[in-house]
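# Reading the structure
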Protein chains: 2
Amino acid sequence: MTDSERKDVHNSAVPNLCQNCEARHRGICGVLEESELLELSRNSRQVVRKAGEQLINDADPIESYASVMHGVVKLSKVLEDGRQQVVGLQFAPDFLGRLYGRESNLNADAASDVELCRMPRAALEALVAKNPALEGRLLEQTLRELDEAREWMVTLGRKTANEKVASFLYLIATHKDPTHEDSAISFDLPLTRSDIADFLGLTIETVSRQFTKLRKSGIISIKNHRHISVADIEKLRRSCGYGSRIKS
Amino acid sequence: MTDSERKDVHNSAVPNLCQNCEARHRGICGVLEESELLELSRNSRQVVRKAGEQLINDADPIESYASVMHGVVKLSKVLEDGRQQVVGLQFAPDFLGRLYGRESNLNADAASDVELCRMPRAALEALVAKNPALEGRLLEQTLRELDEAREWMVTLGRKTANEKVASFLYLIATHKDPTHEDSAISFDLPLTRSDIADFLGLTIETVSRQFTKLRKSGIISIKNHRHISVADIEKLRRSCGYGSRIKS
DNA sequence: CGGAAGCTTGAATATGCTCAACACGGGTGG
DNA sequence: CCACCCGTGTTGAGCATATTCAAGCTTCCG
């Protein structure tokens with residue numbers, strides 16, 4: 001039991017739903033007063049979805065927002081003829097939904113099995129209007145997402161297929177282990193080859209070939225198509241063509 | 001003389017610098033109280049830059065922010081080996097600068113001749129902390145930029161060269177005339193072929209060839225390499241592969 | 001007028017795509 | 001238990017689109 005859990009247990013004002021939610025600490029709920037959290041949680045519901053299920057449709061009017069509690073959510077857009085582009089991935093405890101939007105403008109799907117904490121639009125917006133700190137937290141996340149989107153634009157526009165796939169693996173790896181204290185790391189891919197292709201602007205065949213190439217060159221090893229081991233994260237990083245994202 | 005100008009003239013509290021600035025109305029300054037505007041303007045300076053001049057470097061620490069008063073600013077990122085990607089264009093009265101960032105993370109260059117209104121970092125951040133409405137305005141702009149970035153990711157990842165060039169022209173055309181009351185429109189390109197190529201993730205040769213193709217198919221006509229006339233904006237839109245951005 | 005920068009065009013090439021076959025694993029049902 | 005199937009992923013061969021390299025043109029400006 002961690003310190004923060006113990007504190008929560010002794011503090012009757014923290015709602016059950018929020019006890020073990022990451023959004024309570026690092027997510028948007030981290031800036032809320034006890035009374036605000038209580039009020040919001042009364043309106044919130046936990047939602048569970050299987051991998052592949054749609055969460056939000058492009059054209060849907062926005063009736064609720066959510067925090068990602070567990071799993072990976074895939075944001076995508078499609079062209080008329082069906083071509084698809086994944087424009088973002090959201091992990092816990094990210095906030096989900098286009099604030100102030102009329103409609104969503106993009107699709108959100110469960111990439112893995114996910115748990116969300118869904119809250120009604122009006123409840124959140126009322127809270128934002130009342131508490132500037134919440135608006136600040138949302139601004140921070142939006143700025144982070146914008147940075148990520150622009151970083152990815154470089155990948156989409158200027159990198160080779162090989163660099164794209166390496167960049168994707170590097171993204172997932174560093175997300176697993178942000179500090180990367182260790183030079184070796186392994187993880188399960190949260191996306192199918194098809195999703196990866198749509199994220200990278202490639203075909204599944206090309207993605208597959210580049211996986212093979214990275215494997216044969218010893219940069220990664222693959223088990224069961226989904227489990228990736230990276231022996232030396234630096235070597236992977238050097239395969240990315242390298243973006244900005246410089247270590248300070 | 002417009003109503004708002006007359007009002008400003010009769011109101012001695014509106015600083016000279018701000019009299020004809022778009023940011024005063026549609027930009028970030030639109031949410032400021034008179035006293036706040038006065039305080040901010042005392043710290044602000046108008047800055048003029050020629051096309052091609054660098055405004056902000058990737059690695060620069062952030063010491064000031066700015067509003068675009070006139071012209072077009074190009075945001076870009078480069079890979080180690082020099083490959084470049086334009087990740088955004090900013091027009092008046094957009095806000096310029098990565099709020100809360102340690103360094104800029106991207107380059108900002110004058111795409112055309114530009115005028116900026118530059119304010120010191122501390123002055124703006126103090127104002128943001130004091131006035132939640134300003135934070136709200138910044139959040140709105142950031143959300144808009146995020147929408148645009150994601151829209152462009154589709155263009156970069158999934159469109160053909162021809163659709164990319166059409167999408168670029170459509171972007172500029174609709175920016176000139178957001179209502180597009182008229183089906184015909186003409187304008188000067190604010191970017192060189194090289195910048196356009198870097199925006200679209202193509203080479204200049206491919207961009208040039210697609211311009212020629214669009215011209216030969218009668219969708220656009222070109223004068224002096226820079227001046228574009230679109231006879232029927234709908235026809236151009238249909239060449240874009242079509243994104244989302246649905247008219248409501 | 002001459003030179004430079006920006007743009008266009010052409011021919012050959014390469015990178016990633018398409019189409020097609022096959023492999024692997026997990027689940028279902030005989 | 002094995003046979004079969006379906007979803008997912010891999011591999012190969014041929015092809016298409018965009019790139020590269022090279023030459024020539026237009027516009028601007030001294």
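## Topic: the protein's contact with DNA strand C
The full set close to DNA strand C counts 17 residues, and Ala161(A), Thr206(A), Arg193(B), Ser208(B) and Thr212(B) are the nearest of them. At 3.2 Å from a phosphate oxygen of DNA strand C is found a side-chain nitrogen or oxygen belonging to Thr203(A). Take Arg209(B): an N or O atom from its side chain is 2.9 Å from a base nitrogen of DNA strand C. When contributions to the surface near DNA strand C are tallied by element, the ones reaching two or more residues are helix H7 (204-216) of chain A together with helix H7 (204-216) of chain B. No other element matches H7(B), which puts five residues into the surface near DNA strand C. Among the residues forming the surface near DNA strand C, the class breakdown is two nonpolar, eight polar and seven charged.

## Describing the sheet that holds strand E11 (residues 227-230) of chain A
All names here are of chain A. Strand order in this open sheet of three strands is E9-E11-E10, and the pairing throughout is antiparallel. Lying at the two open borders of the sheet, with one neighbouring strand each, are strand E9 (185-188) and strand E10 (220-223). Adjacent strand axes in the sheet meet at a mean angle of 20 degrees when their direction is disregarded. Examined bridge by bridge, E9 and E11 share four bridges and lie antiparallel to one another. Across the sheet, the residue bridging to Ile-185 is Val-230, located in E11. Against the sheet, helix H5 (residues 161-176) engages E9, E10 and E11, with an angle of about 105 degrees to E9. Along the sheet, H7 makes contact with E10 and E11, crossing E10 at roughly 120 degrees.

## What about the domain arrangement of chain A?
Residues and elements named next belong to chain A. If you check the domain split of chain A, you get domain 1 (3-144) and domain 2 (159-239). Centre-to-centre separation of domain 1 and domain 2, based on C-alpha positions: 27 Å. On the side of domain 2, nine residues touch domain 1, which itself brings 10 residues to the contact. A buried area of about 840 Å², summed over both sides, lies between domain 1 and domain 2, and 65% of it is on carbon and sulfur atoms. Summed over the three residues of domain 1 that lose the most area to domain 2, namely Val-86, Leu-89 and Phe-91, the buried surface amounts to 49% of that side. At the surface where domain 1 touches domain 2, the tally comes to one salt bridge. Across the salt bridge formed by Lys-74 and Asp-195, the nearest N and O atoms sit 2.9 Å from each other. If you look at where domain 1 meets domain 2, you find four residue pairs in polar contact (both at pLDDT 80 or more). For the side of domain 1 that touches domain 2, the secondary structure elements donating two or more residues are strand E4 (72-78) and strand E5 (84-91). Looking at the side of domain 1 that touches domain 2, the element that brings in the most residues is E5, giving six residues. For the side of domain 1 that touches domain 2, the class distribution of residues is five nonpolar, four polar and one charged.

## Notes on the packing of aromatic side chains
Tallying each qualifying case throughout the model produces six aromatic pairs over all chains. Look at Trp152(A) and Phe199(A): their rings are 4.4 Å apart centre to centre, the planes differ by 10 degrees, and that puts the pair in the stacked class. One end of the pair, Trp152(A), is in helix H4 (residues 132-158); the other, Phe199(A), is in helix H6 (residues 193-200), with 47 residues separating them in the sequence. In this pair, the class of Trp152(A) matches that of Phe199(A), namely buried. Aromatic side chains Tyr65(B) and Phe95(B) sit 5.4 Å apart centroid to centroid with 35 degrees between the ring planes, which places their arrangement in the tilted category. Here Tyr65(B) is found in strand E3 (residues 64-70), whereas its partner Phe95(B) is found in strand E6 (residues 95-96), with 30 residues between them in sequence. Both residues of the pair, Tyr65(B) and Phe95(B), belong to the buried class. Through a chain of ring-to-ring contacts, the aromatic side chains of Trp152(A), Phe168(A) and Phe199(A) assemble into a single cluster.

Reading the values: rules and limits
Residues numbered from 1 in each chain as written. Chains lettered and ligands numbered in written order. Predicted model: local features only at pLDDT ≥ 70, side-chain atom pairs only at ≥ 80, totals over all residues. Heavy atoms only, no water. Near = heavy atom within 4 Å. Polar contact = N/O pair within 3.5 Å; in protein donor to acceptor, adjacent residues only side chain to side chain. Helix = DSSP H or I, 4+ residues; strand = E, 2+ residues; numbered from the N terminus. Nonpolar A, V, L, I, M, F, W, Y, C, P; charged D, E, K, R; others polar. Pairing = 2+ DSSP bridges. Axes fitted to C-alpha atoms, helices over the stretch in contact; angles between N-to-C directions. Contact = heavy atoms within 4.5 Å. Domains from an automatic or database assignment. Buried area = accessible area lost by both parts, 1.4 Å probe. Salt bridge = Lys/Arg side-chain N within 4 Å of Asp/Glu carboxyl O. Phe/Tyr/Trp six-rings, centres within 6.5 Å; stacked < 30°, edge-to-face > 60°. Buried < 20%, exposed > 50% of the residue type's maximum accessible area, 1.4 Å probe, protein only.

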